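Summary of the model geometry
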Amino acid sequence: MTGLLVTNARVVGAASVLDAGWVATSEGAIEALGAGSPDPALSRGRQVIDAAGATILPGFVDVHVHGAVGHEVMDGDPEGLLAMSAFFATHGVTSFLATTWTAPSDETMRALRAVAEVTGRDLPGARVLGAHMEGPYLSEARCGAQDPRSIRPPDLDEARQFLDTGVVRLMTVAPELARARDLFELCLERGARISVGHTEATYEQVADAVSWGARQVTHTFNAMPSLHHRYPGPVGAAMTLADLTAELIADNHHVHPVVLAAFLRAKGPDGVTLVTDALRPTGLNGGAFTIGGRSATVDNGVVRLQDGTMAGSVLTMDVALRNLMWASGAPLEDLWPTASRNGALAAGVGDRKGSIAPGMDADLVIVGDDVDVRTTIVGGRVVHTAPTLLPVA
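Report on the accompanying structure. In this text the structure is predicted, and so the values were computed from the model without any measurement.

This next bit is on the overall build of the protein chain. Counting secondary structure elements, the protein chain contains ten helices and 21 strands. When burial is assessed residue by residue, the protein chain has 59% of its 393 residues classed as buried. Residue pairs in contact within the protein chain that sit at least 24 positions apart in sequence constitute 69% of those at least 6 positions apart. Carbon and sulfur atoms make up 49% of the accessible area of the protein chain, which amounts to about 15000 Å² in all. Looking at charge distribution, the protein chain has the averaged site of its 29 positive side-chain charges lying 2 Å from that of its 44 negative ones.

Quick look at the packing of aromatic side chains now. The geometry of two aromatic rings is summed up by the distance between their centres and the angle between their planes. One pass over the full model with this rule turns up four aromatic pairs. Ring plane angle 85 degrees and centroid distance 5.5 Å describe the contact between Phe184 and Trp212, whose orientation is recorded as edge-to-face. Taken as a pair, Phe184 in helix α4 (residues 180-189) and Trp212 in helix α5 (residues 203-212) lie far apart in primary sequence, 28 residues in all. Of the residues examined, Phe184 reaches a relative accessible area of 0% and is grouped as buried. Ring pairing ties together the aromatic residues Phe87, Phe88 and Phe96, which thus form one cluster.

The next point concerns the pairing of strand β6 (residues 60-65). Across the six residues of β6, six count as buried, placing the element largely inside the fold. One ladder, built from four bridges, connects β6 with strand β9 (residues 93-100); its direction is parallel. When the bridges of β9 are listed, Val61 appears paired with Ser95.

As a further point, take the packing of helix α3 (residues 156-164) against α4. Axis angle and axis distance: for two packed helices, these are the angle between their axes and the distance between the axes, and together they describe the pair. One can describe the packing of α3 onto α4 by two numbers: an axis separation of 11 Å at closest approach and a directional angle of 20 degrees. The pairing of α3 with α4 is recorded here as roughly parallel in orientation. Here α3 runs over α4; the crossing is right-handed. Of the residues in α4, those in contact with Leu156, Ala159, Arg160 and Leu163 of α3 are Asp182, Leu183, Leu186 and Cys187. Considered class by class, the residues forming the contact of α3 with α4 number six nonpolar, no polar and two charged.

Now for the pairing of strand β2 (residues 17-26). For β2, a buried count of seven out of ten residues is recorded, marking the element as mostly surrounded by other parts of the structure. Bridge count for strand β1 (residues 3-12) against β2 is five bridges, and the pairing is antiparallel. Looking at the pairing, Val12 lines up with Val17 of β2. Connecting the antiparallel pair β1 and β2 is a turn made up of four residues. Bridge count for β2 against strand β3 (residues 29-35) is six bridges, and the pairing is antiparallel. Counted as the bridge partner of Trp22 is Gly34 from β3. The hairpin turn running from β2 into β3, its antiparallel successor, is two residues long, and Glu27 in that turn takes a positive phi close to 50 degrees.

Inspection of every chain in the model, using the stated rule, returns 19 salt bridges. The salt bridge partner of Asp147 is Arg149, with a shortest N-O separation of 2.7 Å. Taking relative accessible area as the criterion, Asp147 reaches 10% and is therefore assigned buried. For Asp361, the salt bridge identified is with Lys353, shortest N-O distance 2.9 Å. The pair Asp361 / Lys353 is uniform in exposure class, with both members buried. Where salt bridges share partners, they join Arg352, Lys353, Asp361 and Asp363 into one cluster.

Moving on, we get to the sheet that holds strand β16 (residues 287-291). Within the open sheet, the three strands sit side by side as β16-β17-β18. Their pairing is antiparallel. Lying at the two open borders of the sheet, with one neighbouring strand each, are β16 and β18 (302-305). On average, each strand axis in the sheet is tilted by 35 degrees relative to the strand beside it, whichever way the strands run.

In this section: unusual backbone geometry. Look at the link from Gly135 to Pro136: it is a cis peptide, with omega at 20 degrees. Mapped onto the elements, Pro136 comes out in the loop between β10 (127-134) and α3. The residue Ala52 is not glycine, and still its phi comes out positive at about 55 degrees. A residue is classified by how much of its surface remains accessible, and Ala52, at 56% relative accessible area, is exposed. A positive phi angle is found at Arg179, which is not glycine, with a value near 70 degrees. On the secondary structure map, Arg179 appears in the loop between β11 (168-173) and α4. According to the relative accessible area criterion, Arg179 is partly exposed, its value standing at 46%.

The rules behind the values
- Residues numbered from 1 in each chain as written.
- Predicted model: local features only at pLDDT ≥ 70, side-chain atom pairs only at ≥ 80, totals over all residues.
- Heavy atoms only, no water.
- Helix = DSSP H or I, 4+ residues; strand = E, 2+ residues; numbered from the N terminus.
- Buried < 20%, exposed > 50% of the residue type's maximum accessible area, 1.4 Å probe, protein only.
- Contact = heavy atoms within 4.5 Å.
- Areas by Shrake-Rupley, 256 points an atom, 1.4 Å probe, with all protein chains shown as cover.
- Lys, Arg positive; Asp, Glu negative; His and termini not counted.
- Charge placed at Lys NZ, Arg CZ, Asp CG, Glu CD.
- Phe/Tyr/Trp six-rings, centres within 6.5 Å; stacked < 30°, edge-to-face > 60°.
- Pairing = 2+ DSSP bridges.
- Axes fitted to C-alpha atoms, helices over the stretch in contact; angles between N-to-C directions.
- Parallel < 35°, antiparallel > 145°, perpendicular 65-115°, else oblique.
- Left-handed = near helix turned anticlockwise from the far one by under 90°.
- Nonpolar A, V, L, I, M, F, W, Y, C, P; charged D, E, K, R; others polar.
- Salt bridge = Lys/Arg side-chain N within 4 Å of Asp/Glu carboxyl O.

In structure tokens form, the structure reads like this:
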């Protein structure tokens with residue numbers, strides 16, 4: 001078989017929503033889609049999936065995720081990345097940026113080399129698009145759960161070594177740091193995008209960073225000054241500057257549901273990128289674990305260091321999208337870009353991932369009304385089917 005034919009589906013396409021339609025794939029790409037029943041000839045040579053009235057969305061793209069099921073990117077272990085890939089697919093993720101955190105240079109290089117080993121390969125589930133470096137060039141005053149002992153000002157020689165691995169697609173930087181602008185220029189020359197985060201920057205400094213090429217804000221509201229009516233800061237910049245898309249961790253702990261709804265209303269679905277910031281215990285039963293050698297625990301869905309600092313999450317992308325729906329009251333057909341298209345754009349692959357249209361990669365997720373993931377398809381290949389469903393034909 002050279003492709004798939006998904007029928008009897010509600011198709012959330014790039015241009016319109018087909019309440020009853022179909023999608024055909026071939027050689028890993030979307031070949032066609034349409035309303036009603038497909039031409040019977042399309043079923044020849046294709047695996048047919050009856051969606052039973054469920055919704056087809058573009059596969060979710062998580063551009064900020066550190067780990068899951070007992071593994072983390074900073075382990076520097078390709079096998080761990082494969083386990084993460086399989087787990088993420090069960091929650092509708094079809095591609096992700098393996099995300100590092102602040103650490104000594106040798107540890108970061110080991111992690112980036114492991115990411116390079118699996119990037120672009122067919123994996124058990126979601127594909128690795130490359131790396132998001134969250135640090136080390138951050139504000140020590142806004143380190144959050146990042147290890148302050150390893151935070152440092154931009155070092156262009158060190159940054160070149162990171163970029164030479166060829167996998168860095170996104171880097172979080174505090175723009176107020178010395179030589180930040182030089183770092184921005186270096187990253188952009190190498191094809192890596194910049195996200196503003198872990199920062200003490202003023203609104204004006206973030207606006208300057210946008211003029212230098214920044215296009216994203218890392219986990220908006222967290223690890224930055226709060227919005228103040230006289231000092232809008234990074235949150236005010238994220239809310240009002242059209243060139244910035246804003247990451248949100250929609251686990252109802254990092255950002256209150258009321259604030260999620262208010263921010264979405266101000267920014268619109270095209271300006272919000274849902275991320276998980278998930279760590280090693282995601283998908284497990286919680287308890288104690290370590291983050292870069294520091295002790296942490298999971299209690300009632302919240303990850304904290306011993307000093308009480310909130311640290312990452314145990315969130316999954318399907319739950320994030322569901323929480324945003326519940327908080328805002330907006331329908332799935334309005335919110336899908338927050339989980340798919342905007343992440344693809346942030347990762348620099350929006351020309352081939354993140355929407356359903358002919359010629360785009362056949363990265364798809366079939367979900368119920370409550371974003372319950374039923375089937376995940378990566379590059380035209382079924383990588384996950386919910387165990388309660390019958391096998392596909």
